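Chain and residue survey
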Amino acid sequence: MLTVALPKGELLKNSIRLLQSVGLDFSAFLDSTNRQLQITDASGQAKGLLVRGQDVPVYVEYGQAQLGIIGYDVLREKKPQVAHLVDLQFGYCRMSVAVKASSAYKSPLDLPAHGRVASKYVNCAREYFHSLDLPVEIVPLYGSVELGPITGMSEAIVDLVSTGRTLRENGLIEITTLYESTARLIAHPLSYRLNMGNLSDLIEKLRKTVLIPI
Ligand SMILES: Nc1ncnc2c1ncn2[C@@H]1O[C@H](COP(=O)(O)OP(=O)(O)OP(=O)(O)O)[C@@H](O)[C@H]1O
Ligand SMILES: O=P(O)(O)OC[C@H]1O[C@H](OP(=O)(O)OP(=O)(O)O)[C@H](O)[C@@H]1O
């Protein structure tokens, strides 16, 4: 039986809707009273694993799940050994550099050499500033990174922006975008190559569903 790793949080609802459109019903994961982390879909065709977004590529890389749904930002940050199959076109956000609106930094190149940049996405942040040849200290945080510049701990942040509301309500502005992100369908490379459990059929159905907006 095929196993699909589904991300908790922001991408869960749309992931479940997408799988429902190809006949796989994991809506039990949306029930707030549910504590089961592994369920079989209502038609008995596939198993679903409910995991933290960052962990989806881990289950897929190790082959415990043949398919997974994950934000492109996580793929950029973790560079897992997985097959990257379909842009699912939901979960839009962008990875941006932001600073205090009142600061004099209008571009990342205005940031002081050896200044601090707080981020949950340390690899993306490090790669970006390296590409600018601007040495900065990356301060790893697990969330609420907007507090970095507010408290004076860092000059800037590298973080996801979707509606822009969090930045606005915390007096920050974006000064550049590193890349845009949407949800992606990923697969365990060997299972994909060997077409385990007729994986290609399901992938094709998902691809078609994405082309016809749900
Ligand atoms: N406004 C948004 N904020 C954060 N992520 C978003 C947003 N919009 C879309 N996404 C996408 O949703 C994914 C999951 O985001 P979510 O906020 O649920 O988890 P997280 O807080 O990044 O991860 P975790 O809670 O596991 O540490 C992101 O990786 C990104 O691709
Ligand atoms: O542009 P917006 O629509 O306001 O969304 C952006 C916010 O959402 C994410 O945080 P999340 O809710 O994942 O919480 P976190 O700070 O714990 O990462 C991200 O880190 C921003 O803080």
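Residues numbered from 1 in each chain as written. Chains lettered and ligands numbered in written order. Predicted model: local features only at pLDDT ≥ 70, side-chain atom pairs only at ≥ 80, totals over all residues. Heavy atoms only, no water.

An unreviewed UniProt entry lists the protein chain under the name ATP phosphoribosyltransferase, with Halotia branconii CENA392 as the source organism. Looking at the protein chain in UniProt, the text filed under Subunit (unreviewed entry) is "Heteromultimer composed of HisG and HisZ subunits." (UniProt positions renumbered as here; feature names shortened; annotations may be inferred.)

Here we come to the packing of helix H1 (residues 12–21) against helix H8 (residues 199–211). At a closest axis distance of 9 Å, the pairing of H1 and H8 adopts a crossing angle of 110 degrees. In terms of their interaxial angle, H1 and H8 are classed as roughly perpendicular. The two elements H1 and H8 cross, and the hand of that crossing is right-handed. Residue-level inspection shows Leu18, Leu19 and Ser21 of H1 in contact with H8, the latter providing Leu206, Thr209 and Val210. In terms of residue class, the contact of H1 with H8 is made up of four nonpolar, two polar and no charged. (Axes fitted to C-alpha atoms, helices over the stretch in contact; angles between N-to-C directions. Helix = DSSP H or I, 4+ residues; strand = E, 2+ residues; numbered from the N terminus. Parallel < 35°, antiparallel > 145°, perpendicular 65-115°, else oblique. Left-handed = near helix turned anticlockwise from the far one by under 90°. Contact = heavy atoms within 4.5 Å. Nonpolar A, V, L, I, M, F, W, Y, C, P; charged D, E, K, R; others polar.)

We now examine the nonpolar core. In terms of nonpolar packing, the biggest core is built from 30 residues, with Leu6, Phe26, Leu67, Ile69, Leu88 and Leu185 touching the most fellow members. Elements supplying a minimum of two residues to this core: strand S1 (2–7), H1, strand S3 (46–51), strand S4 (67–71), strand S5 (83–87), strand S11 (183–187) and H8. Of the residues forming this core, the biggest block, five residues, is contributed by H8. Listed in part, the 20 residues of the second largest apolar core include Val117, Val136, Val158 and Tyr179. (Core = buried A, V, L, I, M, F, W, Y, C linked by side-chain atoms within 4.5 Å. Buried < 20%, exposed > 50% of the residue type's maximum accessible area, 1.4 Å probe, protein only.)

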